[in-house]
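The residues making up each chain are set out below.
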Amino acid sequence: MTKIEPTGGQAHPGDEALLAELDRMIDEFDPPPAGLVERIQFAIALEDLDVEVARWERADSLAGVRGSDQGTITFTVSDLTVMINLTRIGENNRIDGWLVPAGEHAVEIRVAEHGSRETTADEGGRFVLDGVPRGTTQIIIQLYGPPARTVVTPTVLL
Amino acid sequence: MHAARAGSRIARATLVKDLTPLVWHVARGNGLDRTTAEDVVQTVWLALFSHINSLAEPKALASWLITTTRREAHRVRVKVTNDLPLTDEMAEQLPSTQPQPEDEALRTDRDTRLWRAFGELPEKCQELLRLTVLAGRSEYRLVAEAMQMKRGSIGPTRGRCLNTLRELLDTEGGGG
């Protein structure tokens, strides 16, 4: 019982059943990670979305390891690099950051359900924030131009 | 979508909730492991909302998301390849990009074999079949509309992908 599709393709009689199986299986075997939607919703809940998005330059992407021994994380967008070094102290993180190119840029660190913390980098591009609550975290950097730019990172679970 | 462009936080959150599975399955269908796919999904959404004013046609949203996700997935993979050339031997040692069923005993044998066969399909087939499945769901009418633009090529290609999947399944399980 081969039917001819309007497009001219030959449909196998089992196609619909196979697609129905796949429909069930992508949810069973490969659903979006738990909490991903919430992390994205947090990331885009910004006052001003006229931003550039830095990408996570993940050295360990091949190993597929996440969350363990994250000493240093690097984000980049166009000419800007944001490096952060993380130290766990009790329930909180100490964040040592470094912006390249250097400058006295404003840095905001948002943590889901814990508001945000702000500081300013020194002329060498370095900044430190102590006692940052652990959780879903996003970094926002205001670069004083000209031209002024806002760079945001994706959220990271720190 | 109009509300999202106007900046309504709730409208944006709703779009993200509704269409994240689409972005996810395009990323996964383009060969990204789950960890990298998660980064790409976030990057694509942030890029959308920072450029939403230039996206004139709401109906174009689904195709914009698909195209941008493909491009970003490609960019990430080129970078990974440049960082560390993959030899066949190394590729074998890499963890599979397919998640391992947590408790295979709970799965039917058929499901496990089918999913494994699916993972052996060419990427283009994996992406197309994921999109086909999503487009068939009522909440993904946007995707169906985006795909309808090129329906002419989708029917036969999808049929070939499903045929290949059946062949892989037969080979894999020794029939049955």
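None of these values were measured; they are calculated from a predicted model. (Residues numbered from 1 in each chain as written. Chains lettered and ligands numbered in written order. Predicted model: local features only at pLDDT ≥ 70, side-chain atom pairs only at ≥ 80, totals over all residues. Heavy atoms only, no water.)

Q: Would you explain the overall build of chain A in this entry?
A: Looking only at helices and strands, one finds 2 helices and 13 strands in chain A. Counting over 158 residues, chain A shows a buried share of 45%. A separation threshold of at least 6 residues defines the contact pool for chain A, and within that pool the share at least 24 residues apart is 44%. (Helix = DSSP H or I, 4+ residues; strand = E, 2+ residues; numbered from the N terminus. Buried < 20%, exposed > 50% of the residue type's maximum accessible area, 1.4 Å probe, protein only. Contact = heavy atoms within 4.5 Å.)

Q: Help me understand the confidence of the model for chain A in this model?
A: Any region with low pLDDT has predicted coordinates that should not be read closely. Residue and element names in this part refer to chain A. For chain A, per-residue confidence averages 84 on the pLDDT scale, and residues scoring 70 or more make up 85% of the total. In this model, residues 1–8 is a region of pLDDT below 50 whose contacts with residues beyond four sequence positions or in other chains number 15 contacts. Within the model, the stretch residues 61–69 combines pLDDT values under 50 with 15 contacts to residues more than four positions away or in other chains. (pLDDT = per-residue confidence, 0-100.)

Q: Help me understand the state of the cysteines, please; the structure alone is not making it clear to me.
A: Two cysteines whose sulfur atoms are joined by a covalent bond form what is called a disulfide. Residue and element names in this part refer to chain B. Following the criterion strictly, the structure yields 1 disulfide over all chains and no others. The side chain of C125 participates in a disulfide bridge whose partner is C161; the two sulfur atoms lie 2.1 Å from each other. Here the disulfide of C125 and C161 is left-handed, its torsion about the S-S bond being about -80 degrees. Highlighted residues: C125 in helix α7 (residues 123–135) and C161 in helix α9 (residues 151–173), separated in sequence by 36 residues. (Disulfide = S-S within 2.5 Å.)

Q: Hey, could you run me through the packing of aromatic side chains in this one?
A: Any two aromatic rings considered together are summarised by their centre-to-centre distance and by the angle between their planes. All chains considered together, the criterion is met by 4 aromatic pairs over all chains. Summarising the aromatic geometry, the rings of W45(B) and F49(B) are spaced 5.7 Å apart at their centres and angled 15 degrees between planes, so their arrangement reads as stacked. In this pair, W45(B) and F49(B) both sit in helix α3 (residues 34–50), 4 residues apart, roughly one turn of the helix. Residue class for W45(B) comes out buried when judged on its relative accessible area of 0%. By relative accessible area, F49(B) is classed as buried at 4%. Chaining the aromatic ring pairs together yields one cluster made of F29(A), W115(B) and F118(B). A cation over a ring is seen here: R110(A) above F42(A), with NZ or CZ 4.1 Å from the ring centre. (Phe/Tyr/Trp six-rings, centres within 6.5 Å; stacked < 30°, edge-to-face > 60°. Lys NZ or Arg CZ within 6 Å of the ring centre and 35° of its normal.)

Q: I tried to follow helix α2 (residues 9–29) of chain B on my own but got confused; where do I start?
A: Every α-helix winds through 3.6 residues per turn, so residues three or four apart in the chain are directed the same way. All names here are of chain B. With 21 residues, α2 extends 29 Å between its outermost C-alpha atoms, agreeing within 8% with the 30 Å of an ideal straight helix rising 1.5 Å per residue. With 15 of 21 residues buried, α2 lies mostly within the body of the structure. A positive phi of about 85 degrees marks G31, the residue just after α2. (Expected span 1.5 Å × (residues − 1).)

Q: I tried to follow the nonpolar core on my own but got confused; where do I start?
A: If you look at soluble globular proteins, the nonpolar side chains tend to sit buried side by side. In this structure, L19(B), L22(B), W45(B), F49(B), L65(B), L129(B) and L165(B) are the most contacted members of the largest nonpolar core, which totals 60 residues. Elements supplying a minimum of two residues to this core: α1 (15–29) and α2 (36–44) of chain A together with α2, α3, α4 (61–83), α6 (109–120), α7 and α9 of chain B. Mapping this core onto the domain boundaries places at least three of its residues in each of domain 1 (1–97) and domain 2 (98–176) of chain B. Those residues in contact with L165(B) that lie beyond four places of it in its chain are L18(A), L22(A), L114(B), A117(B), F118(B) and L121(B). I95(A), L99(A), I139(A) and V156(A) belong to the second-largest nonpolar core, a separate cluster that totals 24 residues. (Core = buried A, V, L, I, M, F, W, Y, C linked by side-chain atoms within 4.5 Å. Domains from an automatic or database assignment.)

Q: I tried to follow the interface of chain A and chain B on my own but got confused; where do I start?
A: It is common to give the size of an interface as the accessible area lost on bringing the parts into contact. Taken residue by residue, the interface counts 48 residues in chain A and 56 residues in chain B. For the pair chain A and chain B, the summed buried surface comes to about 4800 Å²; carbon and sulfur atoms form 62% of the total. On the surface where chain A and chain B come into contact, there are 10 salt bridges. The salt bridge involving R28(B) is made with D30(A); its shortest N-O contact spans 2.8 Å. At the junction of chain A with chain B, the criterion picks out 16 residue pairs in polar contact (both at pLDDT 80 or more). Where the side of chain A that touches chain B is concerned, the elements lending two or more residues are α1, α2 and β4 (55–57) of chain A. The greatest single-element share of the side of chain A that touches chain B, amounting to 12 residues, is contributed by α1(A). For the side of chain A that touches chain B, the class distribution of residues is 24 nonpolar, 10 polar and 14 charged. (Buried area = accessible area lost by both parts, 1.4 Å probe. Salt bridge = Lys/Arg side-chain N within 4 Å of Asp/Glu carboxyl O. Polar contact = N/O pair within 3.5 Å; in protein donor to acceptor, adjacent residues only side chain to side chain. Nonpolar A, V, L, I, M, F, W, Y, C, P; charged D, E, K, R; others polar.)

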